[in-house]
Amino acid sequence: MGEVKLRLIGAGGHGILTLGNIIGTAATVHAGKEAVMVIGYSPAQRGGWSRADVIVSDEPIDYPIFKYPDVLVSTTQETYDLEHDNVRKGGIIIYEQDLVDPVPIEGVTQIGVPAFKTAIKVGLRLSANIVLLGFLNSMLNLVPEEALLKTLHQRIKRKYLDLNLRAYEEGKKLWEAHSRGGE
Amino acid sequence: MSQGLLKPGVYFMRGNHACVEGALIAGCRFFAGYPITPSNEVSALMSRRLPQVGGYFIQMEDEIGSIMAVLGAANGGVKAMTATSGPGFSLMMESIGLAAMTETPAVIVDVQRGGPSTGLPTLVGQGDLMQAKWGSHGDYEVVAYLPNSPQEMFDLTIKAFNTAWAYRIPVIVLADQVVGQMIEKVVVPPHEEIEIVERKRPEVPPDMFKPFDSKYLVPPMAVAGEGYRIHVTGLTHDDRGYPTTSHEVSQKLVSRLVRKVRENEKLIGEWEEHQTDDAELVVVAFGITSRSAMRAVREAKREGLKVGLFRPKTAWPFPHWALRKHVERGADILVVEINMGQMVRVVKEHFANLVKIHSMTWAPGTVPPPETILAKIKEVYPR
C-alpha cells in the first residue's frame, strides 16, 4: 500500500477525530503499520470544524504534516469549500452526500456518501463516522478489516457497539454498491 | 508495584499523554499545574491518572504556585512535576532558580508555543531554548530534553525524572505544540526494562548528617519527616543549609551547582545522527523541526548532495563534542529552528571560524516545510 495521506474534516461533533483515531489505532496497534495524526480546529468554540490529518504507511513516517492529501473526507459544505482545492491530482474526495454540493474538479474522483442518512437508518445518528470508516476502508484497504474490528471492539462502549458494527457494515455495502454501479 | 501504570504494549497515543504515562512509570506521584494551551492534555490526564496510582493532583492559583508546590513535594520525598507553556514557563523562572539553589529535583514540561508574550497559544514555537537555560538569575545549570515524537515524550520524560533525581536539579522537557499534540505509535516496554533512578539517601546517622554536604558532588537527600534535620533556603548556604555571606562557601556552593552538570555533560547529553558520515553539510535541527529537516535531508541525498542530520536530544547540555567530529572533518553546518536563531548561537560559540555556520530562522506558527529547508540546503551547500 505504501503511504496514504488522509484529511478528515467536518463539523465538531461529527466524529472526525474519533474516525482518525480508529484508523491510526488499527494501523499501529493491530496491524503493525505506522500512522500519525495531526489535529487542527477552527478558532470557534462552538459550531467550528475539526480536522484530522492522518498518514498510514508501511514505513516509518518522517514528517507528519502535509498540505495536499491523497484522500479528503468532508462532512460539511464549509469544510469541503475549505479543502477541496488541496487534494492532489489523481486523489479522491469523499463527501457527505446530503450536506455537500460538490463542484467539478479535474483529475480528482469525487464520491458522495449518505453517511448521516445511513446512520439514522441504522438507529444511531452518531455512527455516521463509522459508516464512513466502512466505506473508506473497503475502498482504500488502509488496514486489514480484522484490525479495524478489534479497534472498534476496544474503543466503543458496549451499549453502542452493535449499532456501530452495523454502521460499519452499511458503509462497506455502500462502497460495494458504488463500485458495482459506478465503473 | 506497577499497579495502575500503563501496561507494556503498542499504543496510538498523543504526545502529551505519553508524557504523563512516562512520568507515572518514572515514579511521579504529584502534579501541580495551571491550565495553559498547548500543554493542557498533560494536566487533564494527570488529574485522572494520578489518583489511580495513589498520587496527588492539584490545580494551583497560577504557575508560580504550581512550581512551588512541586518543589515542596520533592522536598517531602515525592517525585513531582508540572507542565506549562511559554507564559507559564516565564512565571516559573524564579523558582527554577530556587530548585537549582536548594538542589531540589523537579521536572518541568514546557510545551512550546509561539511567542513572545501570549503569542500564538495554539501554534508551534521553539523560542524557549535559551530561556530554559538562562531564564533565572544567577549561575546554575539545568538539563533540557528535546523530544521529537510521542515516543520520545514518553522516553525522555522518564529520563528527565532520572536525571533530576540523580543530580538534584530541575530538568526541563522542552517539547513543542506539534510534538505534544500529535498522535503516533508509542511502544511501552516491559516495566522491568525501564531504568528508574531514585534519589541517593543519607547513610549516616541523623546527628552526622549535613543536607548540602560539599564533600559530595551530589549530596544525599533527606526529606522532611525522615528524622534528619534539614534546612532549605534560597540564600547562599553552608553544608548544613544555613545562610552565610562567606565567599569561601559561595565559591564552593555555586561552583558545585554548575559542576554537577558540566562534569557529567557527556553522560547526560544525547543526540541522534542520520547520514552524517560523509556529509559536507550537517543540518542541525530539533523537536518537530528535525522531522521536516529529516525529509529535506533525505531528498537532498536523493539529489546527490552529501547532507546529514544532527539532532540534539538534549538542548542543555548541548552535545557539542559529537558535532565537533563533523566540524573537524570540515563539514559546514546549517541550523534550522522555529525561532530567530537561538541554537545557532550555541553552535557558533563552539565552532565559530572553524567552518561555515548557516542559520535558517523561522517565525513561530508553522513548521518550516521540507521544501523550504531543502531550498536552503541547496543555497548554502558547499561547492
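1. Looking at the overall build of chain B
Move 1: Each helix and strand in chain B was counted, giving 13 helices and 15 strands.
Move 2: Against the compact-globule benchmark of 21 Å for 383 residues, chain B has a radius of gyration of 21 Å, which places it among compact chains.
Move 3: Summarising its shape, the C-alpha atoms of chain B cover approximately 70 × 45 × 40 Å along the three principal directions.
Move 4: In chain B, which comprises 383 residues, the proportion classed as buried is 60%.
Move 5: Sequence-distant contacts, at least 24 apart, represent 77% of the contacts inside chain B between residues at least 6 apart.
Move 6: For chain B, the accessible area works out to roughly 15,200 Å², and carbon and sulfur atoms hold 52% of it.
Move 7: Considering chain B, the positive charge centre built from 41 side chains and the negative charge centre built from 42 side chains are found 2 Å apart.

2. Details of the packing of helix α4 (residues 128-140) of chain A against helix α5 (residues 145-155) of chain A
Packed helices, taken two at a time, are described by their axes: the angle between them and the distance between them.
All names here are of chain A.
Move 1: Interhelical geometry of α4 versus α5 gives an angle of 165° and a closest axis separation of 11 Å. With respect to each other, α4 and α5 are oriented roughly antiparallel. Remark: the crossing between α4 and α5 carries right-handed chirality. Residues I130, L133 and N137 of α4 lie in contact with α5, whose contacting residues are E145, L148 and L152.
Move 2: Looking at the contact of α4 with α5, its residues break down into four nonpolar, one polar and one charged.

3. Digging into the domain arrangement of chain B
For interface size, the figure often reported is the accessible area lost on association.
Residues and elements named next belong to chain B.
Move 1: On domain assignment, one finds that chain B holds domain 1 (9-193) and domain 2 (271-380).
Move 2: For domain 1 versus domain 2, the distance between C-alpha centres works out to 26 Å.
Move 3: At the junction of the two partners, domain 1 supplies 28 residues and domain 2 supplies 25 residues.
Move 4: Across the interface of domain 1 and domain 2, roughly 2,100 Å² is buried in total on both sides, 61% from carbon and sulfur atoms.
Move 5: It is Q126, L129 and L146 that lose the most area in domain 1 upon contact with domain 2, and together they represent 33% of the buried surface on that side.

4. Digging into the sheet that holds strand β1 (residues 3-11) of chain A
Move 1: Taken in spatial order, the eight strands of this open sheet run β6(A)-β5(A)-β4(A)-β1(A)-β3(A)-β2(A)-β9(B)-β1(B), and their pairing is mixed. Two strands bound the open sheet, and with one partner strand each, they are β6 (109-113) of chain A together with β1 (9-14) of chain B. The mean inter-strand angle of the sheet, taken between neighbouring strand axes irrespective of direction, is 20°.
Move 2: Bridging between strand β2 (residues 34-41) of chain A and strand β9 (residues 183-188) of chain B involves two bridges; their strand directions are antiparallel.

5. Notes on unusual backbone geometry
Residue and element names in this part refer to chain B.
Move 1: Residue P38 follows T37 across a cis peptide bond; omega there is 0°.
Move 2: A cis amide bond links G115 with the next residue in sequence, P116, at an omega value of 0°.
Move 3: Relative to the elements of secondary structure, P116 occurs in the loop between β5 (106-114) and β6 (120-124).
Move 4: For S117, which is not glycine, the phi dihedral falls at a positive 55°.
Move 5: Within the element layout of this structure, S117 appears in the loop between β5 and β6.
Move 6: You can call S117 exposed: its relative accessible area is 63%.

6. Considerations on the interface of chain B and chain A
Move 1: Counting from both sides, the interface comprises 19 residues of chain B and, opposite them, 18 residues of chain A.
Move 2: For the pairing of chain B and chain A, the buried interface totals around 1,500 Å² over both sides, and the portion due to carbon and sulfur atoms is 57%.
Move 3: Per-residue buried area on chain B facing chain A is highest for F12(B), K185(B) and R295(B); these three make up 40% of the total on that side.
Move 4: Counting every contact that joins chain B to chain A gives three salt bridges.
Move 5: Of the charged contacts in the structure, one is a salt bridge between D62(A) and R298(B), with a shortest N-O distance of 3.0 Å.
Move 6: At the junction of chain B and chain A, the tally comes to six residue pairs in polar contact (both at pLDDT 80 or more).
Move 7: Every element with two or more residues in the side of chain B that touches chain A is listed here: β1, β9 and α10 (287-302) of chain B.
Move 8: Its residues assigned to classes, the side of chain B that touches chain A shows 12 nonpolar, one polar and six charged.

7. What to know about the side chain of K79(B)
Residue and element names in this part refer to chain B.
Move 1: Relative to the assigned elements, K79 resides in strand β4 (residues 79-84).
Move 2: One polar contact links the side chain of K79 to the main-chain carbonyl oxygen of A26, over a distance of 2.9 Å.
Move 3: Setting aside its immediate chain neighbours within four residues, K79 contacts A26, G27, C28, R29, F30, F161, W165, I196, V197 and E198.

8. Side note on the state of the cysteines
All names here are of chain B.
Move 1: Applying the stated criterion across every chain, the model contains zero disulfides over all chains.
Move 2: As a non-bridged cysteine, C19 has C28 as the owner of its nearest cysteine sulfur, 9.0 Å distant.
Move 3: Looking at C19, the relative accessible area reads 0%, which means it is buried.
Move 4: A relative accessible area of 0% places C28 in the buried class.

9. So, the sheet that holds strand β14 (residues 332-337) of chain B
Residue and element names in this part refer to chain B.
Move 1: Reading across from one edge, β10-β12-β11-β14-β15 is the order of the five strands in this open sheet, with mixed pairing throughout. Sheet topology places β10 (271-274) and β15 (357-361) at the edges, where each strand pairs with a single neighbour. Ignoring which end each strand starts from, the neighbouring axes of this sheet average 20° apart.
Move 2: Sheet topology places strand β11 (residues 281-284) next to β14; four bridges connect them, and they run parallel. Note that in β14 the partner of V283 across the bridge is L334.
Move 3: Sheet strands in contact with helix α12 (residues 343-351) are β11, β12 (307-312), β14 and β15, and its direction is about 155° off that of β14.

10. Overview of the pairing of β2(A)
Residues and elements named next belong to chain A.
Move 1: Judged by how many residues are buried, β2 sits mostly within the fold: seven of eight residues are covered.
Move 2: Where β2 lies against strand β3 (residues 49-57), eight bridges are found, and the strand directions are antiparallel. Along β3, the bridge assignment pairs M37 with V54.

What counts as what
Residues numbered from 1 in each chain as written. Chains lettered and ligands numbered in written order. Predicted model: local features only at pLDDT ≥ 70, side-chain atom pairs only at ≥ 80, totals over all residues. Heavy atoms only, no water. Helix = DSSP H or I, 4+ residues; strand = E, 2+ residues; numbered from the N terminus. Rg over C-alpha atoms; globule rule 2.2 N^0.38 Å. Buried < 20%, exposed > 50% of the residue type's maximum accessible area, 1.4 Å probe, protein only. Contact = heavy atoms within 4.5 Å. Areas by Shrake-Rupley, 256 points an atom, 1.4 Å probe, with all protein chains shown as cover. Lys, Arg positive; Asp, Glu negative; His and termini not counted. Charge placed at Lys NZ, Arg CZ, Asp CG, Glu CD. Axes fitted to C-alpha atoms, helices over the stretch in contact; angles between N-to-C directions. Parallel < 35°, antiparallel > 145°, perpendicular 65-115°, else oblique. Left-handed = near helix turned anticlockwise from the far one by under 90°. Nonpolar A, V, L, I, M, F, W, Y, C, P; charged D, E, K, R; others polar. Domains from an automatic or database assignment. Buried area = accessible area lost by both parts, 1.4 Å probe. Pairing = 2+ DSSP bridges. Salt bridge = Lys/Arg side-chain N within 4 Å of Asp/Glu carboxyl O. Polar contact = N/O pair within 3.5 Å; in protein donor to acceptor, adjacent residues only side chain to side chain. Disulfide = S-S within 2.5 Å.

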